[in-house]
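Each chain, written out:
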Amino acid sequence: MTDESVSEVAALFDLYQQGIAVHCVCAVARLGVPDLLADSPRRVGPLAAEVGADEDALRRVVRLLAGHALFTYTPENDEVGLTRRGRLLCGRHPMSLRATFATFGILDVAHGLTETIRTGRPATESVLGTGFWDHLTTRPREQQVFGEAMAEQARLLSLPCVPLLDWPVGETVADIGGGFGALIAAVLQEEPGARGILVDQPLVREHAEAFLEEQGVLARCTVQSGNLFDTPPPADMYLLSRVLHDWDDDAVAGILGAIRRTAPAGTRLRIFEDLLPEDGLPRPAQSWSDLVMMALYPGARERTLTDYRELLERADWVLDGVVEGPPGMNVIEATRK
Ligand SMILES: C[S@@+](CC[C@H](N)C(=O)[O-])C[C@H]1O[C@@H](n2cnc3c(N)ncnc32)[C@H](O)[C@@H]1O
């Protein structure tokens, strides 16, 4: 073997090993291990007992993740602690990614990708016995962690867009499929003269009310159970954040059409989504997100601005422009014809 092929084999094998490391991070996040290490390092035995884990198994996972700079581990006293990066797996960290790793999601259906590539359809039916949303709606605990993961990701993607935009004073902004309310809370904090409505599935409601209360905006925000495809309550402006990429084109037109049915001419709509380049290769993070959509939801995909313009026109909305957010996020502005 040449030196070059030796290093290529090492790089490829490294990629293979990283797959297991990611599953180990998900497992410790699900068990709540990092939260128990937030104050100080602990011995593995009592830690394993507290999270209900097998001591030997947990130690072996900890050792692996110490090699990925998430944990510290000292064999002399069998003590495990957190690195700065590992602290991001604690739920109380202001930039936490705990739920993003702990949530039921792409890694749980990834082993069905061969089927997805063959059929072009998510493997959720054969892996879970049902669609992804149906799986969550019958599992309150998993729905909760998924909602927390969405809030963590909204903090990175949608929330930095809020100060870049004007918000209507004395008017009502409705966030459709708004999850636990991270975005509408940030909007109401940015514009104290605005009122909010949050619409999402019934299981989300209780968590959303608690979150909005914690953010000090519940008095100005109504939380409603509702379906994306039903006519939403009247509002002056509608938000759809990271909702449309979960659906195929006909469903997107259906969601935009449902809002149109209630919105008089001149009503404004803001769509928070990543935009694929019109030409050339997407960034790796965009290809990753596009693949996650493909694996989880039928017909779901990341789209270009041209795609969104056409879908908006199909439902009688006019594209006004785009405000660029942080990498991975844009705000597409539209008005009802
Ligand atoms: C990807 S999450 C985005 C959440 C939030 N807007 C954000 O940016 O973090 C999609 C949201 O759509 C909601 N959703 C999915 N199907 C729905 C349906 N049929 N009716 C209402 N909401 C739905 C989910 O509960 C979830 O909160």
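Look up a bit, the structure's there.
Residue numbers restart at each chain and count upward from 1, following the sequence in its written direction. Reporting of local features is limited, given that this is a predicted model, to residues whose pLDDT is at least 70; pairs of side-chain atoms are given and counted only at 80 or more, and all residues count toward the totals for whole chains, interfaces and linings. Neither water nor hydrogens contribute to the side-chain values; these are computed over all heavy atoms in the structure.

Trainee: I'm lost on empty space enclosed by the protein in this one. Help?
Mentor: By rolling a water-sized probe across the atoms, one finds the places where empty space is left. Detection works on a 1 Å grid of protein atoms alone, calling trapped sets that fit a 1.4 Å probe cavities and calling open sets with protein on both sides within 12 Å along at least five of seven lines pockets, with lining residues defined by an atom within 4 Å of a point. Grid points are joined across faces, edges and corners, and a volume is the space filled by probe spheres set on the points. For the structure on display, the rule yields one cavity of 30 Å³ or more. The computed volume of the largest cavity comes to approximately 30 Å³. Helical segments are the DSSP runs of H or I of at least four residues, strand segments are the runs of E of at least two, and each set is numbered from the N terminus. Contributions of two or more residues to the lining of the largest cavity are made by β5 (195–200), α13 (205–214) and β6 (221–225). With three residues, the single largest contributor to the lining of the largest cavity is β6. Polarity classes work like this: nonpolar for Ala, Val, Leu, Ile, Met, Phe, Trp, Tyr, Cys and Pro, charged for Asp, Glu, Lys and Arg, and polar for all others, with Gly in that last group. Taken together, the residues of the lining of the largest cavity break down into four nonpolar, four polar and two charged.

Trainee: Would you mind showing me how to read a nonpolar patch on the surface here?
Mentor: Together, M1, V6 and V9 give the surface a local cluster of nonpolar side chains, amounting to about 340 Å² of exposed area. Within the secondary structure layout, V9 lies in helix α1 (residues 3–31). To count toward a patch, a residue needs a relative accessible area above 30% and no salt bridge. Like charges then connect within 9 Å, nonpolar side chains (Val, Leu, Ile, Met, Phe, Trp, Tyr) within 5 Å. Here the Shrake-Rupley method, with its probe set to 1.4 Å, supplies the accessible areas, and only the displayed protein chains count as covering residues. Here, a salt bridge means any Lys or Arg side-chain nitrogen found within 4 Å of an Asp or Glu carboxyl oxygen.

Trainee: How should the pattern of salt bridges be read in this particular structure?
Mentor: A side chain of one charge can pair with a side chain of the opposite charge if their charged atoms are brought near each other. This structure, assessed with the given rule, holds twelve salt bridges. The residue R42 makes a salt bridge to E50 at a minimum N-O spacing of 2.8 Å. Salt bridges linked by common partners bring E55, R59 and D78 together as one network.

Trainee: Which parts of the structure should I look at to understand the sheet that holds strand β8 (residues 268–273)?
Mentor: Consider a sheet: its strands pair through backbone hydrogen bonds, and that pairing is either parallel or antiparallel. The seven strands are arranged β6-β5-β4-β7-β8-β10-β9 in an open sheet whose pairing can be described as mixed. Here the strands that pair on one side only, and so sit at the sheet edges, are β6 and β9 (317–324). Across the sheet, the mean angle separating the axes of adjacent strands is 20° when strand polarity is ignored. With six bridges connecting them, β8 and strand β10 (residues 330–336) associate as antiparallel partners. Considered in β10, the bridge of R270 is made with E333. Most of the contacts of helix α12 (residues 182–190) go to β5, to which it runs at about 180°, and overall it touches β4 (172–176), β5, β6, β7 (237–241) and β8. Note on contacts: a residue pair qualifies if any of its non-hydrogen atoms lie within 4.5 Å across the two residues. Inter-axis angles, ranging from 0 to 180 degrees, are taken between N-to-C directions of lines fitted to C-alpha atoms, where helices are fitted over the stretch in contact. Packed onto the sheet, helix α16 (residues 305–314) meets β8, β9 and β10 and runs at close to 150° relative to β9. Between any two strands, at least two bridges found by DSSP are needed for them to pair.

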